[in-house]
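Observations on chain architecture
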Amino acid sequence: MSIFENLGLVYALLGAALAVILAGMGSAYGVGIAGQAASGVVTEDPSKFAKVLIIQLLPGTQGIYGLLVAFITLSKIGLLGGSPADLDVRTGLLILIACLPVALVGLVSAKHQGRTAVAAIGIVAKKPEQFGKAMLFPAMVETYAILSLLISILAVTAIQV
Amino acid sequence: MSVLQMQRISICALKKDRKAILEELQELGVLEIETSKVTADGLDRPDTAEEKQRSEKQALMLDQALDVLQEYAPEKTSIFASLEGKKLVARGSFLAAVKEREAILESAGKILSLKKKEAENKAEIVKLQTQKEALTPWLALDIPMNCEGTKKTKIFIGSIGSVMTQEEILTRIAQTAPDLSAVDVEIISADKDQTCLTAVCLRTEADRLEEALRASGFSRPAQSWEKIPAQELEEIEKKMEKVRSNIAGIQEEIRSMADLRENLKMLSDYCRTRAQRYEALAKIPQTQKTFLVSGYVAAKNAKKLAQRLERQFTLSVEIEELAEDEEAPVQLENGKAAASVEGVLEAFGLPGKGEVDPTRIMFVFYVFLFGMMLSDAAYGLIVFVACAVLLKKFPRMSESMAKSLRMFMYCGISTIVWGVLFGGYFGNIVDIISEKFFGVTVTVPAVWFMPLNDPMKLLVFSMLFGLIHLFTGLGIKGYMCLRDKRYMDFFCDVVLWYCLLVGLILMLLPSSIFASIAQAHIVLPEPVNLLAKVLAIAGAAGIVLMSGRGRKNPALRLALGAYDLYNITGWLSDVLSYSRLLALGLATGVIASVVNQMAGMLGNGIIGIIGFILIFIVGHTLNLGINLLGAYVHTNRLQFVEFFGKFYDGGGRAFAPFHSDTKYMDIMKEEEL
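This one's a predicted model, so the numbers in the text were calculated from it and none came from an experiment.

1. Remarks on the overall build of chain B
- Of the regular secondary structure elements, chain B holds 23 helices and 10 strands.
- Taking the principal axes of the C-alpha coordinates as reference, chain B spans close to 135 × 85 × 60 Å.
- Per-residue burial over chain B gives 32% buried out of 673 residues.
- Residue pairs at least 24 apart in sequence account for 81% of intrachain contacts in chain B once pairs closer than 6 positions are excluded.

Following this line, the structure appears as structure tokens:
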């Protein structure tokens with residue numbers, strides 16, 4: 001029995017890790033650049049703090065979606081309960097692949113949502129009364145993160161361990 | 001669904017009543033002045049720019065005086081100050097303040113001049129401080145700084161820009177001027193930048209010594225004092241003391257004026273409303289003896305306004321319906337509950353000409369969808385209680401704030417209901433606590449089902465709710481077509497789409513794809529299957545044939561029809577978009593259970609319990625915050641993009657009546673219209 005046949009659990013954990021790492025990285029980037037723009041607005045007009053903060057937070061959700069999938073995965077493979085399941089390679093790889101949608105789409109969409117949020121903060125800076133519309137543009141990008149989250153959740157829960 | 005019907009009211013009155021009528025109109029705040037179309041010879045509009053500016057300037061000055069008062073005698077404000085809203089004052093005390101206008105303006109001026117005086121005094125302190133610093137190195141000198149020497153000797157007082165000892169300086173002098181008969185050098189002080197010294201020699205040899213000193217980098221101090229440095233320092237300190245007590249006195253004086261604050265605020269608001277009156281006046285055309293106010297008023301107010309004015313003044317009022325091409329400003333009127341989502345509607349755009357006000361229908365869906373996304377009974381209860389308490393405690397908060405809070409309050413109720421249906425109470429807190437502290441796992445059963453156990457079921461229901469939402473939108477479009485008697489549009493753009501979509505759905509239900517998603521096989525009777533096919537084909541054919549009905553060219557018409565049929569993909573993505581209901585609902589529940597699980601990992605001792613409570617509070621606060629934001633944003637999105645996309649453009653202009661737009665106070669109205 002070669003070492004490669006025992007890697008099932010490793011693959012599954014890798015999937016959970018990727019979901020958190022990639023989606024979290026994307027969110028960190030997105031919230032980061034949006035925060036820079038928001039700080040600029042607040043230096044000029046502190047009363048807009050609440051509005052720009054809300055927009056800054058929008059790209060933060062991908063990281064949470066990654067966490068969510070990772071958590072479901074961890075509890076599925078029993079790592080949280082302290083008694084890891086005995087996974088074969090095939091199941092491990094299946095779980096790894098099930099985690100990929102939220103990981104990859106999370107990374108890219110959070111980055112783009114961050115840039116859209118920067119532009120939306122520009123709207124709030126100049127026309128604060130258009131806050132409702134400004135908020136919508138970043139929310140559009142998020143749709144795809146939600147779709148990938150959905151598929152990841154459905155796939156992870158559907159895999160038999 | 002009600003956009004208030006607007007009418008145009010025109011009031012012609014005598015100029016002597018102008019001020020009183022304008023004040024009356026401003027207080028009532030029901031008329032939007034719009035006179036751009038009134039033109040005739042002999043009518044002119046007064047130029048009030050100067051008066052308006054003067055009033056604005058006064059208001060600004062009063063505001064500045066208030067800022068100064070706030071700086072020295074701060075008014076206590078709570079963190080909820082922004083919710084408190086404007087204070088209500090009685091008309092009598094407001095008028096009393098206006099009567100003492102001159103005196104109040106004078107005291108505002110006094111506050112500002114005191115502030116200026118204080119700034120000057122502060123600058124004086126800085127100046128004295130600099131002098132004091134310049135004097136410090138010379139404190140050991142016991143003769144006046146400008147001392148020239150005695151009859152026979154000459155004294156040089158100054159500094160060298162480097163660190164040198166007495167010996168070094170003497171050596172340097174001896175080298176450059178070896179023939180000096182006598183010289184005495186004394187170091188006063190030395191620090192890393194300079195050495196301060198005195199040098200004494202015979203008057204006859206003064207020139208040579210000066211030259212020698214210069215060669216070593218000697219220079220006289222930039223500032224010269226007439227007294228001995230120690231005395232000089234004493235005087236500077238005395239002066240500083242005096243200036244300081246001046247400043248304290250000024251501050252005390254400003255503080256003593258703090259009880260003028262209310263009057264300053266009232267007068268500031270008076271000046272502001274006065275400026276607004278001048279602005280309105282500039283729009284009012286007049287002749288030598290009369291003037292004409294014309295504008296929009298809600299139809300239900302028009303008669304009452306006319307009667308009220310006629311009772312008080314000599315004037316003529318005319319009320320007429322709006323012209324066909326005139327775009328009326330939009331004022332919405334909905335019940336108290338439904339009005340709470342008006343803010344969301346305004347963010348998208350008020351109903352344009354000919355559009356219905358979707359607020360009431362939107363309210364139902366908004367609350368329904370919001371609750372489904374947050375879907376935790378405990379969170380819902382927190383949101384509901386927080387909003388209800390704030391609304392109760394601050395009855396005078398601004399209108400838009402009250403609307404938002406009321407909206408969240410209703411959403412909180414809906415969240416409680418969904419939480420109970422899905423069995424979410426702080427996620428799975430009951431399980432964790434019962435297992436950790438009592439050793440038996442107790443689960444509060446979901447009234448309907450647990451989404452995490454059966455996500456596909458919730459996915460199907462999410463899409464079903466989405467379909468209902470979208471069909472309602474299309475239905476409103478149909479209603480608008482019927483109301484405007486555009487029967488052709490109704491049939492082609494609404495009925496045909498309903499046929500196509502219902503047909504497609506009926507065809508999808510028995511298919512194997514749907515069976516694998518819903519995990520239930522649906523068998524429809526054969527006639528229904530046939531009906532489905534007929535509906536779908538008839539709908540599709542109708543759309544291809546009829547969508548381009550505005551075009552004469554048959555090829556173009558068919559092409560446009562085919563393009564419109566392509567919109568079916570839009571419907572597909574719209575329905576799929578409602579899967580976010582599932583995703584966001586799961587997100588709340590799963591993160592909540594992550595928090596619970598982390599909290600539960602600690603031991604059962606005292607520290608464990610404290611840690612449990614800490615993690616519980618911090619974790620759930622964060623989760624509630626982020627999911628509230630998510631639910632709010634995505635409910636808005638579903639309304640704006642999916643729902644409004646079917647029938648609503650917005651683009652109406654908000655009704656902006658001529659009213660008292662105050663900053664600090666609301667004046668009690670004697671009677672409502």
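Having put the structure on the table, let's press on.
2. Section: the environment of V447 of chain B
Residues and elements named next belong to chain B.
- Its location among the elements puts V447 in the loop between α15 (429-438) and α16 (455-483).
- Given 12 C-beta atoms within a 10 Å radius, V447 is considered exposed.
- Residues V447 and L421 lie 26 residues apart in sequence; the distance between their C-alpha atoms is 4.5 Å.
- Sequence-distant contacts of V447, that is, excluding residues within four places in its chain, are made with V420 and L421.

3. Describing the UniProt feature "transmembrane region" (unreviewed entry) in chain A
Residues and elements named next belong to chain A.
- As annotated by UniProt and renumbered to match this structure, "transmembrane region" (unreviewed entry) occupies residues 93-110 and 136-159.
- The span residues 93-110 carries 100% helix and 0% strand; its end-to-end C-alpha distance comes to 25 Å.
- Helix makes up 96% of residues 136-159 and strand 0%. Its end C-alpha atoms lie 35 Å apart.

4. Structural notes on the interface of chain A and chain B
- On the chain B side, the residues contacting the 24 residues of chain A number 23 residues.
- Elements with a minimum of two residues in the side of chain A that touches chain B: α2 (49-57), α3 (61-76) and α5 (131-158) of chain A.
- Here the side of chain A that touches chain B gets 14 residues from one element, more than from any other, and that element is α5 of chain A.
- Per-class residue counts for the side of chain A that touches chain B are 19 nonpolar, four polar and one charged.

5. Digging into the UniProt feature "transmembrane region" (unreviewed entry) in chain B
- Under the UniProt annotation, "transmembrane region" (unreviewed entry) lies at residues 363-391, 407-427, 458-482, 494-518, 530-548, 581-599 and 605-629 of chain B.
- Here residues 363-391 of chain B is 93% helix and 0% strand, with 19 Å between the C-alpha atoms at its ends.

6. Some thoughts on the sheet that holds strand β9 (residues 315-321) of chain B
Residues and elements named next belong to chain B.
- If you trace the four strands from one edge of the open sheet to the other, you get β2-β8-β1-β9, paired in antiparallel fashion. The open sheet has two edge strands, β2 (31-33) and β9, and neither has a second partner. When the angles between neighbouring strand axes are averaged without regard to direction, this sheet yields 30 degrees.
- Across nine bridges, strand β1 (residues 6-14) lies against strand β8 (residues 290-298) in antiparallel orientation. Each residue of the ladder has a partner; that of A13, found in β8, is F291.

7. Focus on the domain arrangement of chain B
- Taken domain by domain, chain B holds domain 1 (8-44 + 283-331), domain 2 (146-220) and domain 3 (338-497 + 574-647).
- Just the C-alpha atoms count here: the centres of domain 1 of chain B and domain 3 of chain B sit 46 Å apart.

8. A closer look at the confidence of the model for chain B
- Of the residues in chain B, 99% have a pLDDT of 70 or more, and the chain-wide mean is 89.
- Taken over the whole predicted complex, pTM reads 0.83, whereas the ipTM for its chain interfaces reads 0.81.

9. Focus: the environment of A155 of chain A
- Mapped onto the elements, A155 of chain A comes out in helix α5.
- When the C-alpha positions of A155 of chain A and L94 of chain A are compared, they lie 8.8 Å apart, and in sequence the two are 61 residues distant.

10. Quick look at the sheet that holds strand β6 (residues 195-202) of chain B
Residue and element names in this part refer to chain B.
- Strand order in the open sheet formed by four strands is β5-β6-β4-β7, with antiparallel pairing between adjacent strands. Each having just a single partner strand, β5 (183-190) and β7 (218-219) make up the two edges of the open sheet.
- Relative to β6, β5 runs antiparallel, the two sharing seven bridges. By the bridge assignment for β6, E186 is matched with T198.
- The sheet strands contacting helix α6 (residues 166-176) are β5 and β6, and the helix crosses β5 at an angle near 140 degrees.

11. Points about the pairing of β8 of chain B
Residues and elements named next belong to chain B.
- With respect to burial, β8 is a largely interior element, seven of its nine residues being buried.
- The sheet contact formed by β2 and β8 spans three bridges and is antiparallel. Bridged to I33 within β8 is G295.

12. Quick look at unusual backbone geometry
Residues and elements named next belong to chain B.
- A positive phi angle, close to 40 degrees, is found at S375, a residue other than glycine.
- Relative to the helices and strands, S375 is located in the loop between α12 (359-374) and α13 (377-393).
- We classify S375 as buried; it has 31 C-beta atoms within 10 Å.
- If you check the backbone angles, F426 has positive phi at about 50 degrees while not being a glycine.
- Within the secondary structure, F426 sits in the loop between α14 (399-422) and α15.
- A count of 24 C-beta atoms within 10 Å places F426 in the buried class.

13. Focus on the UniProt feature "domain: V-ATPase proteolipid subunit C-like" (unreviewed entry) in chain A
Residues and elements named next belong to chain A.
- With numbering aligned to this structure, UniProt lists the feature "domain: V-ATPase proteolipid subunit C-like" (unreviewed entry) at residues 14-72 and 97-154.
- A helix fraction of 88% and a strand fraction of 0% characterise residues 14-72, whose end C-alpha atoms lie 14 Å from each other.
- As a span, residues 97-154 carries 93% helix and 0% strand, and end to end its C-alpha atoms are 12 Å apart.

14. Topic: the pairing of strand β4 (residues 153-160) of chain B
Residue and element names in this part refer to chain B.
- Examined bridge by bridge, β4 and β6 share eight bridges and lie antiparallel to one another. Note that in β6 the partner of I160 across the bridge is T195.
- With two bridges connecting them, β4 and β7 associate as antiparallel partners. Across the sheet, residue I160 finds its bridge partner in β7, namely F218.

15. Digging into helix α1 (residues 18-28) of chain B
Residues and elements named next belong to chain B.
- Looking only at α1, the buried set comprises I21, L22, L25 and L28. Within α1, the buried residues cover an arc of 130 degrees as seen down the axis, which keeps them to one side. For α1, the exposed residues set more than 90 degrees away from the buried face come down to K19 and A20.
- Against β1, β2, α9 (261-281) and α10 (299-312) lie the buried residues of α1.

16. Regarding the nonpolar core
- In this structure, A19, I55, V69, C99 and I121 of chain A are the most contacted members of the largest nonpolar core, which totals 114 residues.
- Non-local contacts of I121 of chain A, meaning those with residues more than four positions away in its chain, are made with A34, A37, A38, V41, V52 and I55 of chain A.
- Listed in part, the 43 residues of the second largest apolar core include Y270, Y278, A280 and A298 of chain B.

17. Focus on the packing of helix α2 (residues 49-72) of chain B against α9 of chain B
Residue and element names in this part refer to chain B.
- Closest axis-to-axis distance for the α2/α9 pair is 8 Å, and the angle between their directions is 160 degrees. Looking at the two axes, α2 sits roughly antiparallel to α9. At the point where α2 passes α9, the crossing takes the left-handed sense. Across the interface between the two elements, E51, K52, S55, E56, Q58, A59, L62, D63, A65, L66 and L69 of α2 pack against R261, L264, K265, L267, S268, C271, R272, R274, A275, Y278 and E279 of α9.
- Of the residues contributing to the contact of α2 with α9, the split by class is 10 nonpolar, three polar and nine charged.

18. Concerning helix α7 (residues 206-215) of chain B
Residue and element names in this part refer to chain B.
- Within α7 the residues assigned to the buried category are L209, A212 and L213. Buried residues of α7 fall within an arc of 100 degrees about the axis and therefore sit on the same side. Opposite the buried face of α7, by more than 90 degrees, sit the exposed residues D207 and R214.
- Along its buried surface, α7 packs onto β4, α6, β5, β6 and β7.
- Following α7 by one or two positions, G217 has its phi on the positive side, about 95 degrees.

Cut-offs applied
- Residues numbered from 1 in each chain as written.
- Chains lettered and ligands numbered in written order.
- Predicted model: local features only at pLDDT ≥ 70, side-chain atom pairs only at ≥ 80, totals over all residues.
- Helix = DSSP H or I, 4+ residues; strand = E, 2+ residues; numbered from the N terminus.
- Buried ≥ 20, exposed ≤ 12 C-beta atoms within 10 Å, placed from the backbone.
- Contact = placed C-beta atoms within 7 Å.
- UniProt positions renumbered as here; feature names shortened; annotations may be inferred.
- Nonpolar A, V, L, I, M, F, W, Y, C, P; charged D, E, K, R; others polar.
- Pairing = 2+ DSSP bridges.
- Axes fitted to C-alpha atoms, helices over the stretch in contact; angles between N-to-C directions.
- Domains from an automatic or database assignment.
- pLDDT = per-residue confidence, 0-100.
- Arc of directions from axis to C-beta.
- Core = buried A, V, L, I, M, F, W, Y, C linked by C-beta atoms within 7 Å.
- Parallel < 35°, antiparallel > 145°, perpendicular 65-115°, else oblique.
- Left-handed = near helix turned anticlockwise from the far one by under 90°.

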